[in-house]
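# Geometric and topological summary
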Amino acid sequence: MPARLRQLPAWLPAWARRKGAQQAAIVFGLFLAAWAFDAAFAVRHGFFDLRVYYGALNHWVDGNGALYDYLLPRTKYGFTYPPFAALTMLPMAYLGWHVAIGISMLLTVGAALAVIYWLVEPMARRNGWSPWFVLGVAAALVVAFEPMRETFLFGQVNAILLVLVAADVLFLVRYNRSVAGVGIGLATAIKLTPGIFIIYLIITGRIRAAVVASGTVMAATVFTGAVAPDESRVFWTDALWNTSRVGENSFVSNQSLNGVVHRWDPDQPSNLAWMALVLITLAVWAWRSRAAAKRGDEAMGLALTGIVGVLISPITWVHHLVWVLPAIILLVDRGTVKGLSKRRRNWLLGLAAFTYAVMCSRLVWAFNGGFDTFPGWVGSNAYVWLSLVLLVAVPLAPKPEPVGPPRPRAVDAGVDDLDRELADVTATVRVPSQDDRRLVQA
């Protein structure tokens, strides 16, 4: 905390001058600022995606028709996830609409807080900061982060998928648990895009975890096929391949490499250019991910794979970019490592601040429908460019320092000194010989 803030007026009550009260005031002020920002600039989506889930499940459970036949009234949008996702959401069909909204909000907030804490806690501990204060600051800033607030306001599942994968990568995979891969498998069975993390496990040599993840996907898919055979058949043979159910590839919200190509030429997009960009991106990701795994930097693996997943996906709406959040947090983490040069520190923290600010600003929406010029095309892909920069700019964790021989403890040192003193005393004391003892007895 700056010295100027520590020198608070003497007339303030004692509790207000305490460090904990000051930290709470800072966090509260940041939350107020973030909420004010959202109130002024955020678009109210009325939990649109949650309405689609809720309507499709009620349509299916009430016997009004098949799951994938449902379209939200006066829209062209229906349920697009695998049928296993519908099974996990099935309790929603037996709840009231407002209860469903409340559960969605709680799950999103809880998942976001968990992931943020897992990523900032090592940084806080290393620098001697209060983890709860750092969590409060980070959480307040995330309130204004466009992908997270869009996830919240759409009623999307992105944060839930992120916490499943993060728990797996940061804990189960890191400590080589026998169930490592289960979280990734469940997330992939709910929505296919987290499947990129199975490839991450393979290229980093975690074959057992990759097998567990793949087995989890297969088990969930087979189980769903037995419970809901018609919906499974429709999804895997028709709905999965019907891209018109998702939306236009050139829509400015599609911040993926495919969106870049489609906005360059919406009428005749080049699939060859898209594939070339995807292959180059995958090569960079594989190289950096393997380096991170060798160093034991699992947080880096999570960040890199989250970025590449949104880049290579055919459709990456803005709210899907919650997967970029770990990389931004790691920029701050690596920028606070002791021993960095001032220039390096400023570069990392400046890039984190710039990326965060742009991804709060709704910048790409200023070019919605206006990407027919080169400047408009560049601006409409702003989040893609930032994702590419993060893919190469976030540094690996510092190499662990070599562990030398253990230094003797203070107690051990004291014992050694006593032994030496006793040896010196023994050397100076003459022990009587047997002949001497006989003369004394005589």
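As the structure is a computational prediction, the values presented were derived from the model and not from experiment.

With that settled, consider the packing of helix H14 (residues 271-294) against helix H19 (residues 382-393). Where H14 meets H19, the axes come as close as 10 Å, and the angle between the chain directions of the two elements is 30°. With respect to their mutual orientation, H14 and H19 come out roughly parallel. Here the hand of the crossing between H14 and H19 comes out left-handed. Contacts between H14 and H19 pair Thr-281, Val-284, Trp-285 and Arg-288 from the former with Leu-388, Leu-390, Leu-391, Val-392 and Ala-393 from the latter. Looking at side-chain class alone, the contact of H14 with H19 contains seven nonpolar, one polar and one charged residues.

What follows deals with the pattern of salt bridges. Scanning the entire structure with this criterion turns up seven salt bridges. Residue Glu-146 pairs with Arg-362 through a salt bridge whose shortest N-O separation is 3.9 Å. Placement of Glu-146 in helix H7 (residues 146-154) and of Arg-362 in the loop between helix H17 (342-358) and helix H18 (374-380) is noted, with a sequence separation of 216 residues between them. Measuring nitrogen to oxygen at the nearest pair gives 2.2 Å for the salt bridge that ties Arg-206 to Glu-298. Note that Arg-206 is positioned in the loop between helix H10 (196-203) and helix H11 (207-227) and Glu-298 in helix H15 (residues 298-312), a separation of 92 residues in sequence. For Arg-206, a relative accessible area of 16% gives the class buried. Residues joined by salt bridges that share partners form a network here, namely Arg-126, Asp-297, Asp-333 and Arg-334.

So, on to helix H12 (residues 229-237). Listed as buried for H12 are Glu-231, Ser-232 and Phe-235. The arc that holds every buried residue of H12, seen down its axis, measures 100°, which confines them to one face. Summarising the contacts, the buried residues of H12 are in contact with helix H3 (48-61), helix H4 (83-88) and H11.

Contact pair H3 / helix H5 (residues 97-127): the axes reach a minimum separation of 11 Å and the direction vectors enclose 125°. As judged from the angle between their axes, H3 and H5 are oblique. Where H3 crosses over H5, the handedness of that crossing is right-handed. Facing Leu-50, Arg-51 and Tyr-54 of H3, the residues of H5 in contact are Trp-97, Ala-100, Ile-101 and Ser-104. For the contact of H3 with H5, the per-class residue count stands at five nonpolar, one polar and one charged.

Here we come to unusual backbone geometry. A positive phi angle, close to 55°, is found at Phe-47, a residue other than glycine. The residue Phe-47 is located in the loop between helix H2 (19-41) and H3 in this model. What makes Phe-47 buried here is its relative accessible area of 15%. A positive phi angle, near 60°, is found at Arg-362, a position not held by glycine.

How two aromatic rings sit relative to each other is given by the distance of their centres and the angle of their planes. By the definition in use, this model includes 20 aromatic pairs. Seen from their ring centres, Phe-197 and Trp-323 are 5.7 Å apart, and the 40° between their planes marks the pair as tilted. Taken together, the residues span a long stretch of sequence, with Phe-197 in helix H10 and Trp-323 in the loop between H15 and helix H16 (325-335) at a distance of 126 residues. In terms of burial, Phe-197 and Trp-323 fall into one category: buried.

About the thresholds
- Residues numbered from 1 in each chain as written.
- Predicted model: local features only at pLDDT ≥ 70, side-chain atom pairs only at ≥ 80, totals over all residues.
- Heavy atoms only, no water.
- Axes fitted to C-alpha atoms, helices over the stretch in contact; angles between N-to-C directions.
- Helix = DSSP H or I, 4+ residues; strand = E, 2+ residues; numbered from the N terminus.
- Parallel < 35°, antiparallel > 145°, perpendicular 65-115°, else oblique.
- Left-handed = near helix turned anticlockwise from the far one by under 90°.
- Contact = heavy atoms within 4.5 Å.
- Nonpolar A, V, L, I, M, F, W, Y, C, P; charged D, E, K, R; others polar.
- Salt bridge = Lys/Arg side-chain N within 4 Å of Asp/Glu carboxyl O.
- Buried < 20%, exposed > 50% of the residue type's maximum accessible area, 1.4 Å probe, protein only.
- Arc of directions from axis to C-beta.
- Phe/Tyr/Trp six-rings, centres within 6.5 Å; stacked < 30°, edge-to-face > 60°.

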